[in-house]
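Spelled out from the first residue to the last, the chains are:
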Amino acid sequence: SLGQEYRNELLYLKHQEKKDTLLLFLDPQGIGSYPMKKYKKLLINRFDAMGSFFSKNGVNQSEVLKHIRLALNKAGDYRTIYIIGFSGGGRNAFLTGLTLNDQFKNLNIISCGAGFHNPRYKGEINFPFTILIGENDFNYSEVNRLTSNKKVNLRSFKGHHQWPPI
């Protein structure tokens, strides 16, 4: 078993001995168990993790933010929190960084296969932000324009529009 479900919205892997780091996965289809299964070897005995069944493409972003805030409050204190999203989940992760960074000072955002879809956004990115993207991803040019900000770390891998390999 990967963890316990919480109100059909989260899959929560919490080790008996609490870890310093929490990973919250946002899948564009709302399949919170998918990235947790994909990265299971990375998670076990290293990180506590949550996979969201609520955050997905087509859900109102303010509702997604409310869900993420509740999930983080439920999780409690962690030294470091990574919000990791793929595609539309990556956009929600970025929006989380913009919106909740003041409330959760230990947020780190990792967007896989997407940046922020508003090309007019010129605001400051004041949180650690990593983009992991396939060299053949159709969103590559979108994320490349964000790299002028010193807080943005762009890493590419051989592949297309997908969750990155381990």
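Scroll up to find the structure this text is about.
Residues numbered from 1 in each chain as written. Predicted model: local features only at pLDDT ≥ 70, side-chain atom pairs only at ≥ 80, totals over all residues. Heavy atoms only, no water.

Draft legend 1. Expanded view of the side chain of Asn 108. Checked against the element boundaries, Asn 108 lands in strand S6 (residues 107–112). Those residues in contact with Asn 108 that sit more than four places away from it in its chain are Thr 80, Ile 81, Tyr 82, Ile 83 and Pro 128. (Helix = DSSP H or I, 4+ residues; strand = E, 2+ residues; numbered from the N terminus. Contact = heavy atoms within 4.5 Å.)

Draft legend 2. View of the pairing of strand S5 (residues 80–86). Buried residues dominate S5, accounting for six of its seven residues. One ladder, built from six bridges, connects strand S3 (residues 21–26) with S5; its direction is parallel. Residue pairing across strands places Phe 25 opposite Ile 84, the latter belonging to S5. Pairing analysis gives six bridges linking S5 to S6, with the strands arranged parallel. The residue bridging Ile 83 from the neighbouring strand is Ile 109, located in S6. (Buried < 20%, exposed > 50% of the residue type's maximum accessible area, 1.4 Å probe, protein only. Pairing = 2+ DSSP bridges.)

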